[in-house]
Amino acid sequence: MKPARGFTLAEVLIALAVTALIGGLVWSSMSGTFRVKETIESEAGLYRELRVGLDRMAREISMAFISDRYDPARFRDNTNRPTFFTGEAEKLSFTYFGHQRLLRDAKESDQAVVFYKLDRDPDEKGITSVMRCEKPVIDDQPDRCERYETLIGNVKKLEFKYWDNKKKDWSRDWDTRRNEHPNQLPDRVRIEITAKNELGKEQKYVTEARVNMVTVLERI
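Residues numbered from 1 in each chain as written. Predicted model: local features only at pLDDT ≥ 70, side-chain atom pairs only at ≥ 80, totals over all residues. Heavy atoms only, no water.

Caption draft 1: Representation of the pairing of strand S4 (residues 128-135). Here S4 lies mainly inside the structure; 6 of its 8 residues are buried. One ladder, built from 8 bridges, connects strand S3 (residues 111-120) with S4; its direction is antiparallel. Pairing of Lys117 across the sheet is with Met131, part of S4. As defined by bridge partners, S4 adjoins strand S5 (residues 149-152) across 3 bridges and the pair is classed as antiparallel. Bridging from a neighbouring strand, Val130 pairs with Ile152 of S5. (Buried < 20%, exposed > 50% of the residue type's maximum accessible area, 1.4 Å probe, protein only. Helix = DSSP H or I, 4+ residues; strand = E, 2+ residues; numbered from the N terminus. Pairing = 2+ DSSP bridges.)

Caption draft 2: Here's a closer look at unusual backbone geometry. Despite not being glycine, Asn154 shows a phi value in the positive range, around 55 degrees. In this fold, Asn154 is placed in the loop between S5 and strand S6 (155-164). Relative accessible area serves as the criterion here: at 38%, Asn154 is assigned to the partly exposed category. Although it is not a glycine, Lys168 adopts a positive phi angle of roughly 55 degrees. Turning to its location among the elements, Lys168 is positioned in the loop between S6 and strand S7 (169-171).

Caption draft 3: Seen up close, the state of the cysteines. According to the stated counting rule, one finds 1 disulfide in the structure shown. Sulfur-sulfur distance for the disulfide between Cys133 and Cys145 comes to 1.8 Å. As the torsion about the S-S bond is roughly -70 degrees, the Cys133-Cys145 disulfide counts as left-handed. With Cys133 in strand S4 and Cys145 in the loop between S4 and S5, the pair connects residues that are 12 residues apart, well separated along the chain. For Cys145, a relative accessible area of 17% puts it in the buried group. (Disulfide = S-S within 2.5 Å.)

Caption draft 4: Highlighting the pattern of salt bridges. With the rule as written, the count across this model stands at 17 salt bridges. Residue Lys135 is joined to Asp139 by a salt bridge in which the shortest nitrogen-to-oxygen separation is 3.0 Å. What makes Lys135 buried here is its relative accessible area of 14%. On the accessibility criterion, Asp139 (28% relative accessible area) is partly exposed. Residue Asp143 pairs with Arg177 through a salt bridge whose shortest N-O separation is 2.9 Å. Placement of the pair is Asp143 in the loop between S4 and S5 and Arg177 in the loop between strand S8 (174-175) and strand S9 (188-196), with a sequence separation of 34 residues. Taking the relative accessible area as the measure of exposure, Arg177 reaches 10% and is therefore buried. In this structure, a network of salt bridges that share partners links the residues Lys161, Arg188, Arg190, Glu192, Lys204 and Glu208. (Salt bridge = Lys/Arg side-chain N within 4 Å of Asp/Glu carboxyl O.)

Caption draft 5: Spatial organisation of a nonpolar patch on the surface. On the surface, Leu9, Val12, Leu13 and Leu16 cluster together into a nonpolar patch covering about 400 Å² of accessible area. As for its position among the elements, Leu16 is in helix H1 (residues 9-62). A relative accessible area of 53% means that Leu16 is categorised as exposed. (Patch = residues over 30% accessible without salt bridge, like charges linked within 9 Å, V, L, I, M, F, W, Y side chains within 5 Å. Areas by Shrake-Rupley, 256 points an atom, 1.4 Å probe, with all protein chains shown as cover.)

Fair warning: the whole summary comes from geometry, so function is off the table for now.
As structure tokens, then:
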């Protein structure tokens, strides 16, 4: 009976080299797949954040309103009325019917004040984001809001435009507290956001919101 013969060192080295070659080829193929997967997931995450953020802004703007149902003794003139719509090129604040009360005993209603602006992101250094603040109670200082949160991250530019139905043109600002639009909201608001896409290039994303109640809610 012949003794069992093992592998020689040369055979072991050749087998290891062949295995390493096959493993390298497999990893090269799989790493490309992983990179594509990460790129697609990153792109999907970017578009999802933009879509959700823009949809929320459009929905809230559509519920904007102004009313003359306030105490004239507290608010003596039109310049400080508690309900308003004040829009500029890069920021917007308005009263709207969209607040959801989360606590049963909270002294809140469906009326609130919403603020949008482009500002430095407190959670990410070196970038700017679309920041949102909601004030659930319309008080004596409706223009002030302190608790801003990130709505859409890593945004390079935010621009609002307001459709003036009388002039049949877009306006870069709108203020219901001024004499130009004392009791009138814009029919539509155009929201333009510039952000970097998955390739690192700046790209513009646009949507429009149609305001449902463009005239003042009068006293009954």
